[in-house]
Amino acid sequence: MQTLLKEKLWAFIVHNNPELMFNLQEDYSVTNYLDAKVKDIMPLAEQLLSENRPVYVVEELCLEQMTEELKPSRYHYLLSILEEEFTADYERLRESGTLTYEVVNLIAYCKDIFDGYGFNTANEEDRQLRYTVIGQVHEYLS
């Protein structure tokens, strides 16, 4: 179960939080990060298994718990803004193969805005946040 949870967590990170993926790889701490997250969740997994919950349910509940702090994805938020508001730039970056790299750079560039708003699932639809981020993206691309 631990190996499967590590694989699922890593797949989630790669897809939703590439900035974290790059940072973990740069620091050579992927294994330590995954091991710590899975170790922390194992008591819940063992409890759920002892309650005779199906393995797939246990995996999903554990993955949900392990990824809670990684949501919402700043990467997907910025990606959608680029695609919707800066279509030409989005296409240019996608075609050049630098889209992921540039969105990760944008995450760092917009960090103060995200932190200032306390970016979370409750406010990711906030129009003022969106407009502020759009302004920052425009500045970055100029």
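Located above this text is the structure these notes cover.
Figured I'd write up the structure that's included with this text. This structure is a prediction, so every number in the text was calculated from the model and none was measured.

Basis of the calculations
- Residues numbered from 1 in each chain as written.
- Predicted model: local features only at pLDDT ≥ 70, side-chain atom pairs only at ≥ 80, totals over all residues.
- Heavy atoms only, no water.
- Phe/Tyr/Trp six-rings, centres within 6.5 Å; stacked < 30°, edge-to-face > 60°.
- Buried < 20%, exposed > 50% of the residue type's maximum accessible area, 1.4 Å probe, protein only.
- Core = buried A, V, L, I, M, F, W, Y, C linked by side-chain atoms within 4.5 Å.
- Helix = DSSP H or I, 4+ residues; strand = E, 2+ residues; numbered from the N terminus.
- Contact = heavy atoms within 4.5 Å.
- Salt bridge = Lys/Arg side-chain N within 4 Å of Asp/Glu carboxyl O.
- Axes fitted to C-alpha atoms, helices over the stretch in contact; angles between N-to-C directions.
- Parallel < 35°, antiparallel > 145°, perpendicular 65-115°, else oblique.
- Left-handed = near helix turned anticlockwise from the far one by under 90°.
- Nonpolar A, V, L, I, M, F, W, Y, C, P; charged D, E, K, R; others polar.

1. Some thoughts on the packing of aromatic side chains
Evaluation of the coordinates by the stated rule reveals four aromatic pairs. Considering the side-chain rings of F114 and F119, the 4.8 Å spacing of their centres and the 55 degrees angle between planes classify their relative orientation as tilted. By the burial criterion, F114 is buried, and F119 matches it. What links up through ring pairs into an aromatic cluster is the set Y77, F114 and F119.

2. Quick word on the nonpolar core
The biggest cluster of nonpolar side chains holds 21 residues, and the ones touching the most others in it are L78, L82, V133 and V137. Broken down by secondary-structure element, the contributors of at least two residues to this core are α5 (74-85), α6 (87-96), α7 (99-109), α8 (111-117) and α9 (127-141). Looking at this core element by element, the count peaks at six residues for α5. Contact partners of L78, with chain neighbours within four places excluded, come to V103, L106, I107, C110, F114, V133 and V137. By size, the runner-up hydrophobic cluster in this structure holds 20 residues, among which are L5, L9, L34 and L70.

3. Let's talk about the pattern of salt bridges
Taken as a whole and assessed by the stated rule, the structure comprises 12 salt bridges. The partner of E51 in a salt bridge is R53, and the shortest N-O contact between them spans 3.4 Å. Exposure remark for E51: the relative accessible area of 37% places this residue in the partly exposed category. In this structure, the salt-bridge partner of R130 is E84, at a minimum N-O distance of 2.7 Å. With R130 in helix α9 and E84 in helix α5, this pair connects stretches of sequence that are 46 residues apart. Each of K8, E59 and E60 takes part in one network of salt bridges that share partners.

4. Thoughts on the packing of helix α1 (residues 2-16) against helix α3 (residues 30-50)
Running from amino to carboxyl end, α1 crosses α3 at an angle of 120 degrees, the nearest separation of the two axes being 10 Å. If you check the angle between α1 and α3, you find them oblique. The two elements α1 and α3 meet at a crossing, and its hand is right-handed. Counting all contacts with α1, which are made through Q2, L5, K6, L9, W10 and I13, the residues of α3 involved are V30, Y33, L34, D35, K37, V38, I41 and M42. Partitioning the contact of α1 with α3 into residue classes produces 10 nonpolar, one polar and three charged.

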